[in-house]
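# Summary of the model geometry
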Amino acid sequence: MLDSLRYWVEEMHVDGFRFDLCSVLAREPRDFDPGAAFFDAIQQDPVLSKVKLIAEAWDAAGSYNVGQYPTPWCEWNGKYRDTVREFWKGDSGRLREFATRICGSSDLYEAARRSPLASVNFVASHDGFPLADLVSFSEKHNEANGEDSGDDHNSSWNCGHEGPTADSAINKLRDRQRRNFIATLFFSQGVPMLLGGDEFGRTQGGNNNAYCQDSEISWVDWNYDARQADFLKFVCRVTEIWRNHRVFQRRTFFRHPLSGDDTDRDVHWLTPAAAAMTPGDWEAGYARCVGMLLDGNMMDEVDEFGEPLEDETVLLLINASDHDIPFLLPPIESKQFWHAELDTFYPRRRPKKYERGAMYRLKQRSLAFLVRRDQIWHKLRKKVTRQKKRSSSRATS
């Protein structure tokens, strides 16, 4: 096996591997062993120890070992997938675990001194529903496979109708839920993994096990309709935000991710009244709304040259409830403002400025992304915009 892997690296120039049912390779006499001979051989190999190694943490006998792999392995984080699906579906009592997952799943990786980058976050993969089906079907429809249909633990929600519909309200909700999933995925700590086709809305018609299909069920139609093209634009906006903000790409875990002294924290969790979340707030079964303030002064974060990393301070407002919630924006200095750059309820809305003490009307089942900015930034941006318009006008004339 090692000779084969080494051939693919040295001769075919692949930069890594993803191992399906990887736990099979680490079964010792009793069960999964993080010190298995296979892992030792990989770590000692001068070629294979330097490439990307990604594990699917299941095996064919049902063992599930997420969080148990040794460094430098990364893992498909199935707990992230399940929690994020359940939270946006509206399941009760998921808020605390949702916060843990989008903070990089420190409960799985930090004790072993692994980083958030060990967590490969995903909402959909080649196994199961693609994203469009996750919000369109509450049950699997695998008749074409010769299989039974039914629930099968998809943690999906059809938003009020099973399968395709002409109901505009349901389709708007489905599109918003897809935007919520995409924004959550890219604004989480860890490595985001996007299933090919989800960036525009590929469907398998409710089939959650399409491995055996060579038909329209599994094919990709690259001819986008207007709805798919709009969604692709949104995904591009989200990935651009992720790329431009190092605060979403941390290599170390947050200090005190859910509680602790505010002077020693780089993430702050807020109620809609802009107050710090209490243990009671976290445990409330009805709680489905929270604010997440990420400090741009990233403690302990350095770049590849050992220099401290800094970013802008950003705010995520998250509402998985069925109600609009007025959210008081956190305090800022007199010469600062909050710049709302993305809202999954208003995907086409231009960035909007909110002054100190403002209230943000967070719509039902939506996520908003805001950046704390100085007034001088706003003035310079307006000046640059005017200059660009003048230059464009001269060039046209």
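What counts and what doesn't
- Residues numbered from 1 in each chain as written.
- Predicted model: local features only at pLDDT ≥ 70, side-chain atom pairs only at ≥ 80, totals over all residues.
- Heavy atoms only, no water.
- Pairing = 2+ DSSP bridges.
- Helix = DSSP H or I, 4+ residues; strand = E, 2+ residues; numbered from the N terminus.
- Contact = heavy atoms within 4.5 Å.
- Axes fitted to C-alpha atoms, helices over the stretch in contact; angles between N-to-C directions.
- Parallel < 35°, antiparallel > 145°, perpendicular 65-115°, else oblique.
- Left-handed = near helix turned anticlockwise from the far one by under 90°.
- Nonpolar A, V, L, I, M, F, W, Y, C, P; charged D, E, K, R; others polar.

In this section: the sheet that holds strand β5 (residues 191-192). Taken in spatial order, the 5 strands make up an open sheet running β1-β2-β3-β4-β5, and their pairing is parallel. One side of each edge strand has no neighbouring strand; the edge strands of this open sheet are β1 (16-19) and β5. Alignment of strand β2 (residues 52-55) against strand β3 (residues 74-76), held across 2 bridges, turns out to be parallel. If you follow Ala55 over to β3, its bridge partner there is Glu75.

Moving on, we come to the environment of Gly16. Considering the arrangement of structural elements, one finds Gly16 in strand β1. C-alpha of Gly16 to C-alpha of Leu5: the two residues are 11 residues apart in sequence and 9.1 Å apart in space. If we ignore the near neighbours within four places in the chain, the residues touching Gly16 are Val51 and Lys52.

What follows covers the packing of helix α3 (residues 78-89) against helix α7 (residues 168-186). Close contact between α3 and α7 brings their axes to 11 Å; oriented N to C, the two are set at 140 degrees. Put simply, α3 runs oblique to α7. In this structure, α3 crosses over α7, and the sense of that crossing is right-handed. Where α3 approaches α7, its residues Tyr80, Val84, Arg85, Trp88 and Lys89 are matched on the opposing element by Gln177, Asn180, Phe181, Thr184 and Leu185. Grouping the constituent residues of the contact of α3 with α7 by class yields 5 nonpolar, 3 polar and 2 charged.

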